[in-house]
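# Architecture and fold: a report
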Amino acid sequence: MAAQPQSDFFDEMVGAVVGFVEVLSPFMFPPRPQVFVNFRGKELRNGFVSHVVKALKDVRINVFIDSLERRGVETLEHLLKRIDESEMALAIFSDRYTESEWCLDELVRMYDRMKEGKLVVIPVFYRVSTDDVKNFRGEFGRQFTNTVRRKFGTIEAPAAQRWMIAVTSIASMTGLTSEVHSIDSKLVEKIVEASKRQLGHFSSACLTIYAEVSVECVVALAVFMVRCYMNPKMKLGDPGLFNFTNFLLYFVIRKSLLWCMS
């Protein structure tokens, strides 16, 4: 029987390794915790919120914001689902916050998940008084009244009452405010610090462990491929490949254990 061509062997080997990594990738790379950012206004999206998102991503925290232009029931349901998938949410209150039905609907879902113990919510008061938010005063209160009238006609509507409960409950929690941190960069810094505390299990030490073990796996793969190149007679069923698979599996298990312990 003719010897297996070296190029065919490498094609099979690469396919085997790729399949192996795909099967075990959830264990090798657990999903990063997600932070849902709830806010209103294009000005915030292009300004303050963009700085918050960048700062969170810089410390490897996964962030979700509504970047969809299309509006409709299907999109709202998508956003509510993303809240359900998140471990933490930032409620960024501003003067114009309550002019958005969507923001208020998202806040109700955040409040419900928080009561269930499935979501941590941090209120952020961006250039709006905490008292105005909690008591529906000033521009914040006027916008809320207009939105309720436009949507329900009366504040007595059950959905309007749920909006009020969600706002007052979350706004009454300890949060971060421009009244204390008047410089935007300082407020962003405090948001990142608070987020890291709440998502403490995803620590920088854990990230270092992941980086170190990933390097070990890559080096092991490189060494193995060089050995295969030097020994063209090696086949997929040879003990060398089996040992390498066990070797890689060892690091996957080690990585997962270190993740849990951290």
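Definitions and limits used
Residues numbered from 1 in each chain as written. Predicted model: local features only at pLDDT ≥ 70, side-chain atom pairs only at ≥ 80, totals over all residues. Heavy atoms only, no water. Core = buried A, V, L, I, M, F, W, Y, C linked by side-chain atoms within 4.5 Å. Buried < 20%, exposed > 50% of the residue type's maximum accessible area, 1.4 Å probe, protein only. Helix = DSSP H or I, 4+ residues; strand = E, 2+ residues; numbered from the N terminus. Contact = heavy atoms within 4.5 Å. Salt bridge = Lys/Arg side-chain N within 4 Å of Asp/Glu carboxyl O. Expected span 1.5 Å × (residues − 1).

For the chain, an unreviewed UniProt entry supplies the name TIR domain-containing protein and the organism Brassica oleracea var. oleracea.

Turning to the nonpolar core, a few remarks are in order. In this structure, Phe-93, Leu-107, Met-110, Val-133 and Phe-140 are the most contacted members of the largest nonpolar core, which totals 33 residues. Counting only elements with at least two residues in this core, the list comes to helix 4 (73-85), strand 3 (88-93), helix 5 (101-115), strand 4 (120-125), helix 7 (138-151) and helix 8 (158-171). Those residues in contact with Phe-93 that sit more than four places away from it in its chain are Leu-107, Pro-123, Val-124, Phe-125, Tyr-126, Val-128, Val-133, Phe-140, Ile-170 and Ala-171. In terms of nonpolar packing, the next biggest core, distinct from the first, is built from 25 residues, Val-35, Leu-44, Ile-122 and Leu-187 among them.

A side chain with one charge may pair with a side chain of the opposite charge, provided their charged atoms come close. The final tally for this structure, using the stated rule, is 16 salt bridges. Two residues, Glu-193 and Lys-190, come together in a salt bridge whose shortest N-O distance is 3.6 Å. One end of the pair is Glu-193 and the other is Lys-190, both in helix 9 (residues 184-198) and three residues apart, which spans about a single turn. We classify Glu-193 as partly exposed; its relative accessible area is 30%. For Lys-190, a relative accessible area of 24% puts it in the partly exposed group.

Now for helix 7. Its 14 residues place the ends of helix 7 20 Å apart at the C-alpha level, agreeing with the 20 Å of an ideal helix rising 1.5 Å per residue. Along its buried surface, helix 7 packs onto strand 3, helix 5, helix 6 (130-135) and helix 8. Within two residues after helix 7, Gly-153 carries a phi angle of roughly 90°, on the positive side.

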